[in-house]
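These are the residues of each chain, in order.
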Amino acid sequence: MDEKKKKTGTDELPLMQKIAALCKRRGFVFQSSEIYGGLKSCYDYGPLGAELKRNVMAEWWRSMVYERDDVVGIDASIIMSPKVWQASGHVSGFSDPLVDCKLCKARFRADHAPVVEKGATVEYRKEGKTIKGVAERSYVCPECGSPELSEERQFNLMFKTNLGPVESPDSVVYLRPETAQAMFVNFLNVQQTYRLKLPFGIAQQGKSFRNEITVEHFIFRSCEFEQMEMEFFCEPEESDKWLEYWKQERFDWYVRLGAKPENLRLRTHEKDELAHYAKGCYDVEYQYPWGWGELEGIAARGNYDLTKHQEHSGKKLTYFDPNKVDPATGKQGMHILPYVIEPAAGATRTVLMFLLDAYDEEAPSEGRAEGRVVLRLHPRLAPIKVAVLPLVKKDEWLVDKSRAIIKEFRRNSINAFYDEKDAIGRRYARQDEAGTPFCITVDGETKDTDTVTLRYRDDMRQERIKVQEAVDIVRDKLRD
Ligand code: ATP
């Protein structure tokens, strides 16, 4: 696999393998049900991973909801009426073309397979020999390159279950494959109770489920994942303007949180890529170790969703604007079906992106015999904000003082971590790997001067600060 290699280290493992190993070693992400051999495509977030994911989602909420007057949040049920998914088109249309390789038995998505010219001669391995064959499709098996393939079958991606004790066609419900539909079906509830005027948005975060055929690249694509979506309702004639606004806003959000701009790009969807109802779409893409791939989609959906829910529910979902004159009747007041711009991001995929982007290896250098692994996460995303370390654990005074400092951080809702095990260098190294931006060391000098050492993760600079200033200094650096 053509995986990007970091140049700084001596160890030449591909980056994805290093990230997966770090995640397991340090408790970011574990394979689900590991003691039973693991469950494919399911992951558990450990102590550091849970914090990182929460921080990513909290930053999204802050920028999308708290810092704006025109967006409100909801938290809807994962299980919704099956009629929602009939109206949205997910029951009939949310499927992938599934193909089996007759040779190596790999099962894959036709639209993800390597492209070849139909009728072209392709080489592949069969029973230990390289042979030639004719491609009867425009793709071959991604595993062995064989053109000997089964027919394409459509496979619905929604997880089905039953609501209530009886398993019957009437009790079938689905786990939501996206969070977006709850915003459409609650459009009027939210607009009326909150007295919202166009343009306005409804945001939601939470779990979504897709029975993906090819789960790949660790947490990049899994069957259970977390989304962060917002539906922004606006006047039809303002849709183009808001699409441009939101694509830039969303791109800038990743950069503000420390993603390297050279690893990000905005890609405009070609006409033939667009869903039939979509008026335009951009993807925020990241340069993953295997190439450019989607991180978030920002789509102009027109009034497709509200129209469909109106048709299927029989309920009017129009917005009433008392200030407009209806051109059809000449009367004051007009009912309109707003257009929608949807920025749809994956929280778990964003976690992977920030881990990849933040990962760094430093080779040994002058004055430092050992190299180090450091996660250069933005301080706001870092799972632990500050580690407080007594220089020696046998000195009770240092331990008590460290505990007192920790308490102050916690009183200020700053996630602080206490560590007294091993030599101080080892402890710094552990925090570098966990992405902790600041370490505070309490030592003998603290007794005389009431000062501590503040060490910065990124450049390992150390400075002496007053104990009573510690919380303010760290809090200040957490502000953006
Ligand atoms: P892809 O083309 O990668 O399958 P999509 O276009 O189907 O993604 P959307 O339906 O637009 O994805 O969902 C919005 C976002 O949700 C995606 O940009 C991605 O970040 C995230 N997402 C979608 N499916 C998955 C998945 N199976 N695992 C993790 N994240 C996902």
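Here's what I pulled together on the structure shown here. (Residues numbered from 1 in each chain as written. Predicted model: local features only at pLDDT ≥ 70, side-chain atom pairs only at ≥ 80, totals over all residues. Heavy atoms only, no water.)

Notes on the overall build of the protein
- A tally of helices and strands in the protein yields 13 helices and 25 strands.
- Judged by the C-alpha coordinates and their principal axes, the protein covers about 80 × 75 × 50 Å.
- For the protein, the residues scored as buried account for 51% of the 480 residues in total.
- A separation of at least 24 residues holds for 61% of the contacts in the protein among residues at least 6 apart in sequence. (Helix = DSSP H or I, 4+ residues; strand = E, 2+ residues; numbered from the N terminus. Buried < 20%, exposed > 50% of the residue type's maximum accessible area, 1.4 Å probe, protein only. Contact = heavy atoms within 4.5 Å.)

Re the pairing of strand E23 (residues 438–442)
- Where burial is concerned, most of E23 is hidden: five out of the five residues are buried.
- In this structure, strand E21 (residues 386–390) lies alongside E23, joined through five bridges in parallel fashion. Its bridge partner being in E23, Val386 is matched across the sheet by Phe438.
- In terms of strand pairing, E23 meets strand E24 (residues 451–456) through four bridges, oriented antiparallel. Bridge pairing links Ile440 to Leu454 in E24. (Pairing = 2+ DSSP bridges.)

Quick word on the site of the ligand
- In the region of the ligand, 14 residues are neighbours, and Arg210, Glu212, Arg221, Ser222 and Glu294 sit closest.
- For the ligand, an oxygen atom lies 2.7 Å from a polar atom in the side chain of Arg221.
- Residue Arg349 places a side-chain N or O atom 3.1 Å away from an oxygen atom belonging to the ligand.
- For the ligand, whose accessible area on its own is 590 Å², the fraction buried by protein is 81%.
- By residue class, the composition of the shell around the ligand is five nonpolar, three polar and six charged. (Near = heavy atom within 4 Å. Polar contact = N/O pair within 3.5 Å; in protein donor to acceptor, adjacent residues only side chain to side chain. Areas by Shrake-Rupley, 256 points an atom, 1.4 Å probe, with all protein chains shown as cover. Nonpolar A, V, L, I, M, F, W, Y, C, P; charged D, E, K, R; others polar.)

Comments concerning the packing of helix H2 (residues 47–66) against helix H9 (residues 347–358)
- Running from amino to carboxyl end, H2 crosses H9 at an angle of 110°, the nearest separation of the two axes being 10 Å. One element, H2, and the other, H9, form an angle in the roughly perpendicular class. Contacts between H2 and H9 involve Leu52, Lys53, Val56 and Met57 from the former and Ala347, Thr348, Thr350, Val351, Phe354 and Leu355 from the latter.
- When the residues that make up the contact of H2 with H9 are grouped by side-chain class, the tally is seven nonpolar, two polar and one charged. (Axes fitted to C-alpha atoms, helices over the stretch in contact; angles between N-to-C directions. Parallel < 35°, antiparallel > 145°, perpendicular 65-115°, else oblique.)

Details of the pattern of salt bridges
- Scanning the model with the defined rule gives 47 salt bridges in all.
- Glu273 is the partner of Arg267 in a salt bridge, and the nearest nitrogen-oxygen pair spans 3.0 Å.
- Judged by relative accessible area, which is 23%, Arg267 ranks as partly exposed.
- It is possible to trace a salt-bridge network through shared partners that takes in Asp360, Glu362, Arg372, Arg376, Asp432, Arg455, Arg457 and Asp458. (Salt bridge = Lys/Arg side-chain N within 4 Å of Asp/Glu carboxyl O.)

A look at the layout of surface pockets
- Taken as a whole, the second largest pocket spans an internal volume of roughly 380 Å³.
- If you go around the second largest pocket, you meet 17 residues; those closest to its centre are Asn55, Glu59, Arg380, Lys385 and Ser413.
- Looking at the lining of the second largest pocket element by element, the count peaks at five residues for H2.
- For the lining of the second largest pocket, the class distribution of residues is six nonpolar, four polar and seven charged.
- Summarising the domain contributions, the lining of the second largest pocket has at least three residues from each of domain 1 (46–92 + 162–356) and domain 3 (384–479). (1 Å grid on protein atoms, 1.4 Å probe; cavity = no way out; pocket = protein on both sides within 12 Å on 5 of 7 lines; lining within 4 Å. Points joined across faces, edges and corners; volume = space filled by probe spheres on them. Domains from an automatic or database assignment.)

Quick look at the sheet that holds E24
- The strand order across the open sheet formed by five strands is E22-E21-E23-E24-E25, and the pairing between neighbours is mixed. One side of each edge strand has no neighbouring strand; the edge strands of this open sheet are strand E22 (416–418) and strand E25 (462–466). Sheet twist, expressed as the average angle between the axes of neighbouring strands with direction ignored, equals 30°.
- Where E21 lies against E22, three bridges are found, and the strand directions are parallel. Following the sheet pairing, Ala387 is matched in E22 by Phe417.

Comments concerning the packing of helix H1 (residues 15–26) against H9
- The interhelical angle for the contact between H1 and H9, taken along N-to-C directions, is 110°, at an axis separation of 10 Å. As the angle between them shows, H1 and H9 are arranged roughly perpendicular. The residues of H9 that touch H1, namely those facing Leu15, Met16, Ile19 and Cys23, are Leu352, Leu355 and Leu356.
- Its residues assigned to classes, the contact of H1 with H9 comprises seven nonpolar, no polar and no charged.

Considerations on the state of the cysteines
- Inspection of every chain in the model, using the stated rule, returns zero disulfides.
- We note that Cys234 lacks a disulfide partner, and the nearest cysteine sulfur, in Cys281, lies 15 Å from it. (Disulfide = S-S within 2.5 Å.)

With respect to the sheet that holds strand E18 (residues 339–346)
- On the basis of which strands lie adjacent, the open sheet formed by seven strands has the order E3-E11-E12-E18-E15-E14-E13 and mixed pairing. Sheet topology places strand E3 (71–73) and strand E13 (264–268) at the edges, where each strand pairs with a single neighbour. In this sheet, adjacent strand axes meet at a mean angle of 25° when their direction is disregarded.
- As judged from the six bridges shared by strand E12 (residues 224–234) and E18, these two strands associate in the antiparallel manner. Its bridge partner lying in E18, Glu229 is registered against Ala344.
- Contacts between helix H7 (residues 239–256) and the sheet are confined to E12, E13, strand E14 (280–288), strand E15 (291–302) and E18, with E15 contributing the most and set at about 150° to the helix.
- Sheet contacts for H9: E12, E14, E15 and E18; angle to E12, the most-contacted strand, approximately 110°.

As for the nonpolar core
- Membership of the largest hydrophobic core comes to 58 residues, with the highest contact counts inside it found for Tyr254 and Phe354.
- Counting residues in hydrophobic clusters, the runner-up holds 29 residues, among them Met80, Leu306, Met334 and Val340. (Core = buried A, V, L, I, M, F, W, Y, C linked by side-chain atoms within 4.5 Å.)

What is shown is where atoms sit, not what they do.
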